[in-house]
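Listed below are the residues making up each chain.
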Amino acid sequence: MYQYNENDQRIVDERVVQFRGQVKRRLAGELKEDEFRILRLQNGLYLQIQAYMLRVAVPYGLLSSRQLRMLAHIATKYDRGYGHMTTRQNMQFNWPKLEDVPDILDDLASVQMHAIQTSGNCIRNISADQFAGVAEDEIVDPRPYAEIMRQWSTFHPEFAYLPRKFKFAFTGAAQDRAAIQFHDIGYRAVKNYAGEVGFKIYVGGGMGRTPMIGKLVNDFVPEKDLLVYTEAIMRVYNQFGRRDNKYKARIKILVHELKLPKFIELVETEFAALRQEGAVPLDAAEIDRVTAHFTDPDYMDLPDKSEVFNQYLQDDKDFSLWVKQNILAHKKSGYAIVNLSLKKPGVPPGDITDDQMLSVADIADDYSFGEIRSTHEQNLVFADVRKDDLYQVWQALKDVGFAEPNIGTLQDMICCPGLDFCTLANARSIPIADKITTCFDDMDYLYDLGELKLKMSGCINACGHHHVGHIGILGVDKKGQELYQITLGGSAGDDASIGKIIGPGFDQDEIIPALKNILSTYTRLREEGEGFLAAYRRLGMSPFKEQLYANN
Amino acid sequence: MQIIKDKAIIEDNWVHYCGEGDLPEGDLIVSLDIWQEMDLSGRNIGLQLEPDDMLSDIKDDLHQFDLIAINFPTFADGRGYSMAKILRDRLGYKKEIRAVGDVMRDQLFYLQRCGFNAYEIKSGRDIVDALEAFEDFSVKYQTSSDEHIPLYRRK
Ligand code: HEM
Ligand code: SF4
């Protein structure tokens with residue numbers, strides 16, 4: 001993974017000094033809260049119901065064991081012993097004290113980490129395919145480009161005070177696992193007929209109260225133009241994005257109001273002007289320098305078949321279930337990708353304790369080249385485990401509590417913090433998530449349902465991605481009562497779609513029966529091997545709706 | 001009034017004239033409307049731009065202004081950064097570009113990078129302290145108006 005050079009290190013160190021000064025001026029009353037707010041947000045520091053919340057950047061979801069140990073240390077020393085994986089692959093701490101934040105940033109800087117631009121109206125931390133570099137279906141490894149983009153967007157002087165937050169996501173695989181069509185800019189790395197790398201660029205995707213699917217703005221931007229083309233998009237947005245209404249300020253609204261052809265015209269004109277002024281294209285040498293940080297680890301030459309592994313598969317049914325559900329094929333023979341599930345009854349999705357972080361770091365050192373990845377579905381990944389070692393890894397993960405064989409099932413839900421932590425919430429979400437995982441705990445039933453993306457948000461801001469859940473749950477407030485609205489048919493993948501509301505909402509006691517009802521309609525009407533989303537798309541809303549509201 | 005110009009504190013005599021009352025003596029900073037409507041001949045003129053003014057409206061008149069002030073109604077409004085950059089890099093404006101309005105220490109590093117070289121720090125803030133902000137970062141990744149070579153090509 002990327003290692004900081006002297007310059008990279010100096011920038012994060014100088015940021016700590018700068019932020020320490022800002023905190024000092026705030027505590028001395030020299031900065032007003034409404035001024036400090038904008039500054040602290042650019043450094044990932046939110047004020048929530050009960051305390052400050054610090055969001056630490058995990059660029060494109062890549063962590064070393066050393067970094068994870070530092071996060072554990074921070075959780076122990078400055079927080080209540082745990083952290084939280086977010087839907088943009090970052091780690092969040094819920095209880096830091098303002099006075100401690102500069103010291104936390106110092107600790108982070110000591111392991112090449114920071115909280116720069118993890119919130120605020122600026123270019124946020126960049127997310128990417130969690131299987132980058134190891135997926136079988138990869139065409140271009142997006143990580144070097146994501147890193148180049150991280151550097152370019154860090155303290156970009158022109159784009160620090162945008163109309164609204166701005167999120168980039170990268171993928172370079174056949175299958176989009178990074179939800180690029182639900183980001184302000186989504187980059188899909190591709191190769192043209194000549195084998196040259198370039199990017200399909202999607203603009204204006206997003207969730208929130210006006211969910212929109214990103215629109216293709218350019219089919220092939222050569223890699224050398226990646227930064228200048230992005231600069232053109234950002235400049236158009238910075239100048240013309242709406243600032244009069246916070247809910248209409250995202251770039252998706254600008255694209256929508258201008259209409260796509262006009263937006264593209266503005267971007268192309270700006271791009272041409274920038275080039276004419278002598279904007280510097282990205283050097284091949286720089287791409288090579290950064291790419292050299294993302295070469296394969298020292299894989300052994302192994303046969304694809306592992307005798308030990310196959311023996312364990314036969315002997316241990318629980319192990320084989322876990323393998324079937326949580327393990328993915330690796331591009332290198334003899335290796336596998338291991339998904340760690342951070343979802344299980346009794347624990348808010350994505351929470352991880354300091355001890356768990358330490359154990360995960362140890363296991364990564366022993367079995368996966370000391371590297372860990374985070375996913376936008378709030379789980380973790382070991383990307384490079386030898387098949388021969390899978391049984392040991394499984395046992396180690398069982399001890400940690402991350403071996404639930406539920407990846408991709410209904411239990412593997414995304415869920416926002418909701419009313420328990422969030423000032424904007426209409427309804428609780430974590431307790432409902434817990435009810436659901438507790439109630440739907442018959443694994444045979446879950447496996448029979450197959451892949452099912454259940455996502456829940458406590459309000460229309462959609463932090464829990466409910467718009468793109470095959471089944472989405474949205475907390476609403478109906479005359480002071482917490483209600484839950486159900487949507488069907490969303491998808492964050494290549495077949496991106498936004499879920500539709502099925503009908504009137506349910507209270508917290510009705511929500512489980514309602515889910516059961518919807519699932520029974522699916523199992524009754526599905527065709528052989530047909531997943532929930534495919535069945536919904538074939539059948540439409542009616543049969544689900546009729547069955548659900550049959551008694552009303 | 002004291003302002004920061006070219007990284008030093010100086011005494012500044014430009015007068016902001018908003019169109020009300022008699023025309024004051026001296027060098028004037030005026031809005032686009034006033035510049036278009038009033039007879040200001042014989043004066044040194046600074047033009048004050050608002051974030052939603054269009055640069056295309058004045059691009060042929062730039063030589064008439066001894067300075068251009070860009071207003072920040074609130075420091076969260078980042079349009080002025082793009083404006084200054086376009087003035088410098090596209091329209092070739094070489095004289096003073098001054099940040100006015102909700103301007104304080106914490107924006108200066110970015111402002112200078114986008115082509116500003118003068119700053120009216122809002123009242124009640126320590127202008128001496130603000131001077132230090134130019135040194136907040138010693139490394140800059142990107143090209144901008146102050147640096148036309150990306151970090152990886154610099155030696
Ligand atoms: C606890 C306090 C939180 C608050 C007050 C909050 C607030 C918001 C708001 C206001 C939006 C809508 C922004 C817009 O549409 O412009 C939003 C979107 C979002 N938030 Fe949060 N959030 C919180 C926590 C989280 C957490 C913990 C996560 C990750 C697990 C998260 C992930 C997201 C995502 C992915 C979006 C969607 C971005 C989009 O619209 O494309 N948020 N949040
Ligand atoms: S979706 Fe709403 S309730 Fe949930 S975290 Fe976001 S803002 Fe808060």
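Residues numbered from 1 in each chain as written. Chains lettered and ligands numbered in written order. Predicted model: local features only at pLDDT ≥ 70, side-chain atom pairs only at ≥ 80, totals over all residues. Heavy atoms only, no water.

When its secondary structure is counted, chain B shows 4 helices and 8 strands. Taken from N to C terminus, the helices and strands of chain B fall in the order β-β-β-β-α-β-β-α-β-α-β-α. For 155 residues, the compact-globule formula gives about 15 Å, and the C-alpha radius of gyration of chain B, at 16 Å, lands near that figure. Referenced to the eigenvectors of the C-alpha coordinate spread, the extents of chain B come out at roughly 50 × 35 × 25 Å. Out of the 155 residues in chain B, the part that is buried amounts to 53%. For chain B, restricting intrachain contacts to residue pairs at least 6 apart in sequence, the fraction spanning at least 24 positions comes to 49%. With an accessible surface of roughly 7,100 Å², chain B has 45% of that area assigned to carbon and sulfur atoms. Chain B carries 19 positive and 30 negative side-chain charges, and their two centres are separated by 11 Å. (Helix = DSSP H or I, 4+ residues; strand = E, 2+ residues; numbered from the N terminus. Rg over C-alpha atoms; globule rule 2.2 N^0.38 Å. Buried < 20%, exposed > 50% of the residue type's maximum accessible area, 1.4 Å probe, protein only. Contact = heavy atoms within 4.5 Å. Areas by Shrake-Rupley, 256 points an atom, 1.4 Å probe, with all protein chains shown as cover. Lys, Arg positive; Asp, Glu negative; His and termini not counted. Charge placed at Lys NZ, Arg CZ, Asp CG, Glu CD.)

Right, let's get into the coordination of the iron atom of ligand 1. From the protein, the iron atom of ligand 1 takes a single donor atom, Cys 463 of chain A (SG), 2.2 Å away. With respect to the helices and strands, the residue Cys 463 of chain A is situated in the loop between β17 (454-457) and β18 (471-478). (Donors = N, O, S within 2.8 Å, 3.2 Å for Na, K, Ca; no water.)

Turning next to the site of ligand 2. Every residue near ligand 2 is listed here: Cys 416, Pro 417, Gly 418, Cys 422, Leu 424, Ala 425, Ser 457, Gly 458, Cys 459, Asn 461, Ala 462 and Cys 463 of chain A. Looking at the shell around ligand 2 residue by residue, the classes come out as 8 nonpolar, 4 polar and no charged. (Near = heavy atom within 4 Å. Nonpolar A, V, L, I, M, F, W, Y, C, P; charged D, E, K, R; others polar.)

Below, the discussion takes up the nonpolar core. Ranked by internal contacts, the top residues of the largest apolar core, which has 158 residues, are Leu 71, Phe 263, Trp 322, Phe 382 and Leu 397 of chain A together with Leu 108 and Tyr 119 of chain B. Filtering out sequence-adjacent residues up to four positions away, Leu 108 of chain B remains in contact with Ile 4, Val 103, Tyr 119, Ile 121, Ala 130, Ala 133 and Phe 134 of chain B. Judged by nonpolar contacts, the second largest core, of 37 residues, contains Phe 440, Leu 452, Tyr 522 and Tyr 549 of chain A. (Core = buried A, V, L, I, M, F, W, Y, C linked by side-chain atoms within 4.5 Å.)

Let us look at the site of ligand 1. Residue and element names in this part refer to chain A. Surveying the vicinity of ligand 1 reveals 18 residues, the closest of which are Lys 165, Lys 167, Arg 250, Cys 463 and His 465. A distance of 3.2 Å is found between an oxygen atom of ligand 1 and a side-chain nitrogen or oxygen belonging to Arg 164. For the shell around ligand 1, a count of residues per class yields 5 nonpolar, 9 polar and 4 charged. (Polar contact = N/O pair within 3.5 Å; in protein donor to acceptor, adjacent residues only side chain to side chain.)

Residue and element names in this part refer to chain B. Inspection of every chain in the model, using the stated rule, returns 60 salt bridges over all chains. Notably, a salt bridge pairs Asp 129 with Arg 105, separated by 3.0 Å at the nearest N-O pair. Of the two residues, Asp 129 is situated in helix α4 (residues 127-131) and Arg 105 in the loop between β7 (96-101) and α3 (108-113); the sequence distance between them amounts to 24 residues. Across the salt bridge formed by Arg 105 and Asp 136, the nearest N and O atoms sit 3.5 Å from each other. (Salt bridge = Lys/Arg side-chain N within 4 Å of Asp/Glu carboxyl O.)

Right, let's get into the sheet that holds strand β20 (residues 500-501) of chain A. All names here are of chain A. The strand order β16-β17-β18-β19-β20 describes an open sheet built from 5 strands, whose pairing is mixed. Single-partner strands in this sheet number two, and they are β16 (414-415) and β20. Pairing of β18 with strand β19 (residues 481-488), which is carried by 8 bridges, proceeds in the antiparallel orientation. In the strand pairing of β19, Val 476 is matched with Leu 483. (Pairing = 2+ DSSP bridges.)

This paragraph deals with the interface of chain B and chain A. Each partner contributes to the interface: chain B provides 34 residues, whereas chain A provides 42 residues. Taken over both partners, the interface formed by chain B and chain A buries close to 3,500 Å², and the fraction arising from carbon and sulfur atoms is 54%. Here chain B is connected to chain A by 9 salt bridges. Between Glu 35 of chain A and Lys 122 of chain B there is a salt bridge, with the nearest N and O atoms lying 2.6 Å from each other. Counting every contact that joins chain B to chain A gives 21 residue pairs in polar contact (both at pLDDT 80 or more). (Buried area = accessible area lost by both parts, 1.4 Å probe.)

Think of a sheet as strands paired side by side through backbone hydrogen bonds, with each pair either parallel or antiparallel. Residues and elements named next belong to chain A. The strand order across the open sheet built from 5 strands is β1-β2-β5-β4-β13, with neighbouring strands paired in antiparallel fashion. The open sheet has two edge strands, β1 (45-47) and β13 (351-353), and neither has a second partner. Pairwise comparison of adjacent strand axes, ignoring direction, gives a mean angle of 30° for this sheet. Relative to β13, strand β4 (residues 82-85) runs antiparallel, the two being bridged by 3 bridges. Directly across from His 84, in β13, lies its bridge partner Asp 351. Relative to β1, helix α2 (residues 33-41) is tilted by about 135°, and along the sheet it contacts β1 and β2 (52-56). Docked against the sheet, helix α12 (residues 354-367) engages β4, β5 (91-93) and β13, running at close to 80° with respect to β13. (Axes fitted to C-alpha atoms, helices over the stretch in contact; angles between N-to-C directions.)

Moving on, we come to the packing of aromatic side chains. Applying the stated criterion across every chain yields a total of 37 aromatic pairs over all chains. Between Phe 72 of chain B and Tyr 81 of chain B, the ring centres sit 5.5 Å apart and the planes meet at 70°, which makes this aromatic pair edge-to-face. Accessibility assignment for this pair places Phe 72 of chain B and Tyr 81 of chain B in one class, buried. Here the aromatic residues Tyr 145, Phe 166, Phe 168, Phe 170, Tyr 187, Phe 199 and Tyr 237 of chain A are joined through ring pairs into a cluster of three or more. It is Arg 209 of chain A that lies over the ring of Tyr 247 of chain A; its NZ or CZ is 3.7 Å from the centre. Against the face of Trp 394 of chain A rests Lys 398 of chain A, its NZ or CZ located 3.8 Å from the ring centre. (Phe/Tyr/Trp six-rings, centres within 6.5 Å; stacked < 30°, edge-to-face > 60°. Lys NZ or Arg CZ within 6 Å of the ring centre and 35° of its normal.)

So, on to the packing of α12 of chain A against helix α13 (residues 390-400) of chain A. Packed helices, taken two at a time, are described by the angle their axes make and the gap between the axes. Residues and elements named next belong to chain A. It is the contact of α12 with α13, at a shortest axis distance of 10 Å, that shows an interaxial angle of 175°. As the angle between them shows, α12 and α13 are arranged roughly antiparallel. Along the contact surface, α12 presents Gln 356, Ser 359, Val 360, Ile 363 and Tyr 367, while α13 presents Gln 392, Val 393, Ala 396, Leu 397 and Val 400. (Parallel < 35°, antiparallel > 145°, perpendicular 65-115°, else oblique.)

On to the pairing of strand β1 (residues 2-5) of chain B, then. Residue and element names in this part refer to chain B. By the bridge criterion, 4 bridges tie β1 to strand β2 (residues 8-11) in an arrangement that is antiparallel. Each bridged residue has a counterpart across the sheet, and for Ile 4 the counterpart in β2 is Ile 9. Hairpin geometry of β1 and β2 is characterised by an intervening segment of 2 residues between the two adjacent antiparallel strands and by a positive phi of about 45° at Asp 6. As paired strands, β1 and strand β8 (residues 118-119) are joined by 2 bridges and run antiparallel to one another. Residue Ile 4 lies in a different strand from β8, and its bridge partner there is Tyr 119.

Interpretation note: all reported values are geometric properties and have no functional meaning in isolation.
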